[in-house]
Amino acid sequence: MRLFIKIAASLYLIACIVLYILQGSFIFNPEKLPEDYSFRMGQELEIPLDDVYSMNTLYVDSGLEKPKGVILYLHGNRGSIRFGIYQIRTMRDLGYDIMIPDYRSYGKTEGSIQSEEQLFNDVQKAYDHLKTRFNENEIILVGYSLGTGMASYLASHNKPKTLVLVAPFTSITDIKNKYLWFFPDFLLKFKLPVNEFMNNIECPVTIVHGTRDKIVDYRFSEEMKNRFGDKITLIRAERESHRSIIFSSELSMALEQLLLS
């Protein structure tokens, strides 16, 4: 029995070490793109991040002489701007410019994501760039899946016009506790606490979430709605999954109501 306990404890310790070291590969699933890859729409902008790296972004013009504002779209953990181009279909033709940044290691953006603080600082630089072109009350934040963590961070540290969260989680910690509850919370380097950021968000918040989401459970959005009440407008998308929600009619109608009113 003692030998069994020692073996089990050793295996558990090894699993903890593996989770701590490799958690970035579990959370982030980037697609690399060659430098000569053409998005065939919009204009690529490079935003300096530090002395070595810059963030590759795609800026899609509304086609209007004076756009109503700009949407900063923060995509999920999978893919790159190439995926984002398809995901912004529900956001085009609303009279707003759109910017899609690629995080470090995604698309044409080099480097690697080392910490939560680094990730937040990087997306803040994208937001600051938009502030050189627009007033903050003209900036719309839209985050999808993993991007809801960054979008809610920006909304809590800035004053955008509105925040739209598509298939959000309350925190990475809560997702971990749903599937890997037997590992301690302190192992997580990336927590992305959307529920904590919500305390400091002053702009209107709209959440669109599919009830058939098997990756980020719909109950996370219900929990935030129950906790923050009127601060959040929760749109329940029946039959929509984690992948389909970004193309859903519910999201399209929510954006039209928010941005065309």
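Described in the following lines is the structure provided in the data block. From a predicted model like this one, the values you see are computed outputs, not experimental measurements. (Residues numbered from 1 in each chain as written. Predicted model: local features only at pLDDT ≥ 70, side-chain atom pairs only at ≥ 80, totals over all residues. Heavy atoms only, no water.)

Next up on the list: the packing of helix α3 (residues 116-131) against helix α4 (residues 147-157). To characterise two packed helices, one gives the angle between the axes of the helices and the distance between these axes. At a closest axis distance of 10 Å, the pairing of α3 and α4 adopts a crossing angle of 65°. As for how α3 packs across α4, the hand of that crossing is right-handed. Of the residues in α4, those in contact with L119, F120, V123, Q124 and Y127 of α3 are G149, M150, Y153 and L154. Here the contact of α3 with α4 is built from residues that sort into 7 nonpolar, 2 polar and no charged. (Axes fitted to C-alpha atoms, helices over the stretch in contact; angles between N-to-C directions. Helix = DSSP H or I, 4+ residues; strand = E, 2+ residues; numbered from the N terminus. Left-handed = near helix turned anticlockwise from the far one by under 90°. Contact = heavy atoms within 4.5 Å. Nonpolar A, V, L, I, M, F, W, Y, C, P; charged D, E, K, R; others polar.)

What follows concerns the pattern of salt bridges. All told, the structure shown has 11 salt bridges when counted by the stated rule. With a closest N to O distance of 3.0 Å, K108 and E44 form a salt bridge. Of this pair, K108 sits in the loop between β6 (96-101) and α3 while E44 is found in strand β2 (residues 43-48), placing the two residues 64 residues apart along the sequence. Exposure remark for E44: the relative accessible area of 34% places this residue in the partly exposed category. (Salt bridge = Lys/Arg side-chain N within 4 Å of Asp/Glu carboxyl O. Buried < 20%, exposed > 50% of the residue type's maximum accessible area, 1.4 Å probe, protein only.)

On to the layout of surface pockets, then. Counted as a void, the largest pocket has a volume near 490 Å³. Listing elements by their share of the lining of the largest pocket, those giving two or more residues are α1 (2-27) and α5 (172-179). Looking at the lining of the largest pocket residue by residue, the class counts come to 12 nonpolar, 5 polar and 4 charged. Taken as a whole, the second largest pocket spans an internal volume of roughly 220 Å³. (1 Å grid on protein atoms, 1.4 Å probe; cavity = no way out; pocket = protein on both sides within 12 Å on 5 of 7 lines; lining within 4 Å. Points joined across faces, edges and corners; volume = space filled by probe spheres on them.)

Glancing now at a negative patch on the surface. A cluster of acidic residues, E35, D36, E46 and E110, forms a negative patch at the surface. In this structure, E35 sits in the loop between β1 (29-30) and β2. (Patch = residues over 30% accessible without salt bridge, like charges linked within 9 Å, V, L, I, M, F, W, Y side chains within 5 Å. Areas by Shrake-Rupley, 256 points an atom, 1.4 Å probe, with all protein chains shown as cover. Lys, Arg positive; Asp, Glu negative; His and termini not counted. Charge placed at Lys NZ, Arg CZ, Asp CG, Glu CD.)

This part takes up the environment of S145. The topology assignment puts S145 in the loop between β7 (139-144) and α4. Residue S145 is classed as buried on the basis of its relative accessible area, which comes to 7%. Separated by 41 residues in sequence, S145 and F186 place their C-alpha atoms 22 Å apart. S145 has contacts with G76, V166, A167, F169 and H242, leaving out every residue within four places of it along the chain. In terms of polar contacts, S145 uses its side chain to reach the side chain of H242, at 2.8 Å. (Polar contact = N/O pair within 3.5 Å; in protein donor to acceptor, adjacent residues only side chain to side chain.)

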